[in-house]
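Each chain is listed here by its residues.
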Amino acid sequence: MARGGLRGYGTGLPFQLSIIPMIESNDPILQGGGECGSLLRAIDWSSNPLGKPAQWPAELRTIVGIALNSKQPMLIVWGPEQTTLYNDGYAALCGVRHPAALGGSFQELWYDIWEKVEPIITAAYNGISTSMDDIEFTMHRHGRPEQTHFAFSYTPVRNGQGEVLGMFCACVETTRSVQLTRQREAERDHMLQVFEKAVGAIAMVSGPTHVFTYANEDYLALVGHRDVVGKTVAEALPEVGRQGFIELLDQVFESGASHIGRGQPLQLQGRPNAEPELRYVDFFYHPTRGADGQVDGIFVQAIDVTDKLAAEQYQTLLNRELGHRMKNQLALVQAIVGQTLRSADSLEMAGKSLSDRVAVLATAHDILINGVGRTTVHDIVRQAAALHDGNREHRLRIEGPELVIASRPALSLALIIHELSTNAAKYGSLSTQDGFVNVRWRVEGNHQPPRFVFEWQEQGGPQVAEPTRKGSGSRLIRAGLSGTIENSVNVDYAPGGLRCEIVAELSSLQTES
Amino acid sequence: MPEQSLTILVVEDEPLVRMDIAEQLQDMGFKVLEAANADEAIEMLGGDTEIRIVFTDVDMPGSMDGLKLAAAVRDRWPPIRIIVTSGHRNVTMNDLPADSRFFAKPYKAAAIAQAAREMAG
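Everything in this summary refers to the structure shown in the same document. This structure is a prediction, so every number in the text was calculated from the model and none was measured. (Residues numbered from 1 in each chain as written. Chains lettered and ligands numbered in written order. Predicted model: local features only at pLDDT ≥ 70, side-chain atom pairs only at ≥ 80, totals over all residues. Heavy atoms only, no water.)

Re the packing of aromatic side chains
Residues and elements named next belong to chain A.
Right, on to step 1. Per the stated rule, a full pass over the model turns up 10 aromatic pairs over all chains.
Right, on to step 2. Between F283 and Y285 the ring centres are 5.0 Å apart and the planes differ by 55 degrees, which places this aromatic pair in the tilted class.
Right, on to step 3. Take F283: its relative accessible area is 3%, and that puts it in the buried class.
Right, on to step 4. Using a relative accessible area of 6% as the deciding quantity, one classes Y285 as buried. (Phe/Tyr/Trp six-rings, centres within 6.5 Å; stacked < 30°, edge-to-face > 60°. Buried < 20%, exposed > 50% of the residue type's maximum accessible area, 1.4 Å probe, protein only.)

Written as C-alpha cells, this is what we have:
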C-alpha cells in the first residue's frame, strides 16, 4: 500500500479535529487505550459529526470500548459521514496519516486507494461483510521499513432495527505466516527450477486419482508435450493408463511403498495425436506425505532408456560380428600359412614370407579401421607398396580414380600388390636400376554390369620368362579379390615385363559382405 | 590312400581358403571340385554324378547360403552327404539335414577328410 503524503489535512476537511488537552473527556468507555485512548479523550466532540461520546448509540460505545481495550488492530467507521475511529494497533497501519486521521473521514484516510476501499466499505454499509486475507503495509515498527501483512474483515454494525450504523473491522497480522508461506513457495519454486532442468522426466501427481500437479520439460517431452497438469493420469495419458501403470500408482498410493521399474516397455504417444510408439523406460514412483503423515501424492521419475538399450544391443551385435570376423580372418591366415608352407623352399624362407604377408594384412586392417567404410583403392595401393619397400615408391607409378573398396577385396588387393612387388623386386622390373611399374585402375562403366579393372604393368626390367614352378605368391595372386563376383586374374609373362590384370564386378567390390 | 578316390565339392566364397582346403584334400587323395557360391554348386551337382560329399561354408553371398544349399542337396540329391562349416554363426544340428556334420572355422583339413571318408562309408 502506498504511503503518500497527507493531502489537504487541516485545510479542506469537512470536520475539524481539535485537540484541547485541558478538557479531557472522562467518559468511562474512553478510558485506557494507550495513545489513541488519550487522543480520543482529548477530541472536542462537539464539532464532530459523531457528537459527544455520552450521546453515542450503545452499539458505537460498545465497540469503541472493545477496540480501545484490544491489542488487535481495530477500526470503526461510523455514521453517514464515515467518521473513522481506531485503536493503537490500527494506528500503526496508518503510518504518518495517524494521528490526523483519527476522528476524520474514512475516505480522507485512504484517499490514495479509495478505488479499492470504497466498494467494500459501501458493501458493509449495505449490510454485506467482506474479508481480505492479505493486505500488505510498509510499517516502521522497529525503526526501519518493513513489509507487513494483515487479514481484514469489514463487518456491518446494526442497531436493534437492523439498520446499518457503521462498520467494524478487526485485523489480524499475518506477516509471519505470509513470510513462511512465501518462503515455502520460494523453496518450492527453487526445487521446481532444479527439477525443470534436471535430466530425466519428473512429475508429481496428487491424490488417489493421480492428478498431475507438476511435470518438468523432460517429462513433457516424453509424453509428446501434451497438457497434463490439472488432469488425472488416466485422462492426460490414456495409453499409459491402459498399460497397467494406474494400478501401479494405486498400489504405491495405498501401500506407501516406492516402486521401481527398469527397462519397462511402454507404448507412448510421442506427439499429440500420433500413433503410440514403443519406448523403454526406467521409472520410479515415490509416495509423498502431507503434514498428517498420510500419502498425499506420488513423485514420478522416468528415464527414457530406449536409445541406451538400443546402443547396448548394437554393441552386443557388434561384438558378436567381430568374433565372427575374427574367425574368418583366422581361417584366411590359416589358408595363407598353408599356401606358404606348401611351396616353400626352406623353412627360413617360409617364415620370412609368412611374416611379411601377415604384416601386410595387419596394415591393411589398420587402413580399413581408420577409413571407417571410406577406404579407397588408392589408400590400399599406396600402403601396400610403401610397406613393401618405401624407397621404391617413386618407381610405382600409381594412377587411378578415387574409388571406395570394401574390406574383403581391400585385404586381397593389399596381399596381391605385396606379392607382385615381392616378385618384381626378385625377378622383375624392380630388380634393376631403372625398371618401374605402372599401377593403374579404372572403372568400365559401359560394361554390363560395370566393372573394376586393375593393372600391374612392369617395364624396364630383365627379359621375362614364365616360371617353371608356381610359388605361393603366384597362388595368392591368382586367388583374386575376395568377396567379389565375376572376378578374374590374368598374369601375362610378356617378355617386356610382367603384366597382371584383375577384373571384378564393381558393386561387389564396393559392398561390404 | 583309398583305392578309388572320393569326389568332394568344396563350396567356399573366400578364394584363398577354398584353394587351401582344396589342395589339402587333393593331397589326401580326394578328387576335389570347387564352387564359389551355392548357385555354382547347384550347377555342378546337376552336371556331375560322382560327387559324394558337399563341404560348404554357411555365410556366402548369392541367392542361397550354405544352410539352404544343404537343404537343397538333401532334397534333390539324397545320397550326397553334407559337411558344413562357419565362422559366422552358431549353427545347431537342427539347422542341418540329418546325418550332416558341422565344423567351426578355422578347421583342420584332416578332420574334414576323416569325416568325409566316414560319411561316404
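After that view of the structure, there is still more to cover.
With respect to the pairing of strand β15 (residues 497–505) of chain A
Residues and elements named next belong to chain A.
Right, on to step 1. Counted residue by residue, β15 has eight buried out of nine residues, so it is predominantly covered.
Right, on to step 2. Two elements, strand β13 (residues 451–459) and β15, share seven bridges in a ladder whose sense is antiparallel. In the strand pairing of β15, E455 is matched with E501.
Right, on to step 3. Relative to β15, strand β14 (residues 488–494) runs antiparallel, the two sharing seven bridges. Across the sheet, the residue bridging to A494 is G497, located in β15.
Right, on to step 4. Between β14 and β15, which pair antiparallel in sequence order, lie two residues. (Helix = DSSP H or I, 4+ residues; strand = E, 2+ residues; numbered from the N terminus. Pairing = 2+ DSSP bridges.)

Observations concerning the sheet that holds β13 of chain A
Residues and elements named next belong to chain A.
Right, on to step 1. The mixed open sheet is built from five strands, whose spatial order is β11-β12-β13-β15-β14. With partners counted over all chains shown, the strands left at the sheet margins are β11 (396–399) and β14, one partner each. Sheet twist, expressed as the mean angle between neighbouring strand axes with direction ignored, is 10 degrees.
Right, on to step 2. Across the face of the sheet, helix α14 (residues 407–426) comes into contact with β13 and β15 while running at roughly 15 degrees to β13. (Axes fitted to C-alpha atoms, helices over the stretch in contact; angles between N-to-C directions. Contact = heavy atoms within 4.5 Å.)

Some points on the layout of surface pockets
Right, on to step 1. Considering only enclosed or pocket space, the largest pocket measures out at about 1,000 Å³ in volume.
Right, on to step 2. As for the largest pocket, its lining consists of 36 residues, of which T422, N423, K426, Y427 and G473 of chain A are closest to the centre.
Right, on to step 3. Among the secondary structure elements, those contributing two or more residues to the lining of the largest pocket are α12 (347–371), α13 (377–388), α14, α15 (472–478) and β14 of chain A.
Right, on to step 4. It is α12 of chain A that provides the largest number of residues to the lining of the largest pocket, a total of seven residues.
Right, on to step 5. The class makeup of the residues in the lining of the largest pocket is 14 nonpolar, 12 polar and 10 charged.
Right, on to step 6. Taken together, 34 residues form the lining of the second largest pocket, with R325, Q329, H365, R408 and L411 of chain A sitting closest to its centre.
Right, on to step 7. For the lining of the second largest pocket, the secondary-structure elements that each account for two or more residues are α11 (306–342), α12 and α14 of chain A together with α1 (15–27) of chain B.
Right, on to step 8. Broken down by element, the lining of the second largest pocket gets its largest block of residues, 11 residues, from α11 of chain A. (1 Å grid on protein atoms, 1.4 Å probe; cavity = no way out; pocket = protein on both sides within 12 Å on 5 of 7 lines; lining within 4 Å. Points joined across faces, edges and corners; volume = space filled by probe spheres on them. Nonpolar A, V, L, I, M, F, W, Y, C, P; charged D, E, K, R; others polar.)

Describing the packing of α11 of chain A against α12 of chain A
Each pair of packed helices can be summarised by the angle the axes make with each other and by the distance between the axes.
Residue and element names in this part refer to chain A.
Right, on to step 1. At their nearest, the axes of α11 and α12 sit 9 Å apart, and the two run at 150 degrees to each other. When the interaxial angle is binned, α11 and α12 end up roughly antiparallel. Crossing of α11 over α12 shows right-handed handedness. Contact residues: α11 offers Q329, L332, V333, I336, V337, T340 and L341, while α12 offers L347, A350, S353, L354, R357, L361 and H365.
Right, on to step 2. Its residues assigned to classes, the contact of α11 with α12 shows nine nonpolar, four polar and one charged. (Parallel < 35°, antiparallel > 145°, perpendicular 65-115°, else oblique. Left-handed = near helix turned anticlockwise from the far one by under 90°.)

Here we look at the pattern of salt bridges
All names here are of chain B.
Right, on to step 1. Under the criterion given, the structure shown has 27 salt bridges over all chains.
Right, on to step 2. Ionic pairing is found between D57 and K105, a salt bridge with its closest N-O pair at 3.3 Å. Here D57, found in strand β3 (residues 51–57), pairs with K105, found in the loop between β5 (101–104) and α4 (109–120); they are 48 residues apart in sequence, far enough to count as distant.
Right, on to step 3. For K105, a relative accessible area of 4% gives the class buried. (Salt bridge = Lys/Arg side-chain N within 4 Å of Asp/Glu carboxyl O.)

As for unusual backbone geometry
Backbone geometry follows two general trends: most residues other than glycine have a negative phi, and most peptide bonds adopt the trans configuration.
Right, on to step 1. The residue after H98 of chain A, namely P99 of chain A, is reached through a cis peptide bond having omega 5 degrees.
Right, on to step 2. Tracing the backbone through its elements, the reader meets P99 of chain A in the loop between α3 (88–94) and α4 (106–109).
Right, on to step 3. In this structure, P106 of chain B follows K105 of chain B across a cis peptide bond, with omega equal to -10 degrees.
Right, on to step 4. Take P106 of chain B: it is sitting in the loop between β5 and α4.
Right, on to step 5. Notably, E486 of chain A is not glycine yet its phi reads approximately 45 degrees, a positive angle.
Right, on to step 6. Locating E486 of chain A in the fold gives a position in the loop between α15 and β14.
Right, on to step 7. The phi dihedral of D99 of chain B falls on the positive side, at around 70 degrees, and the residue is not glycine.
Right, on to step 8. If you trace the backbone, D99 of chain B turns up in the loop between β4 (81–86) and β5.
Right, on to step 9. Among the residues examined, D99 of chain B registers a relative accessible area of 54% and is labelled exposed.

Here's the deal with empty space enclosed by the protein
Residue and element names in this part refer to chain A.
Right, on to step 1. For the coordinates displayed, the defined rule picks out five cavities of 30 Å³ or more.
Right, on to step 2. Estimates place the volume of the largest cavity at around 200 Å³.
Right, on to step 3. Around the largest cavity, the lining comprises 17 residues; the ones closest to its centre are Y219, V240, F245, Y285 and V300.
Right, on to step 4. Among the elements that make up the lining of the largest cavity, the one with the highest residue count is strand β9 (residues 277–289) (three residues).
Right, on to step 5. For the lining of the largest cavity, the residue count by class is 17 nonpolar, no polar and no charged.

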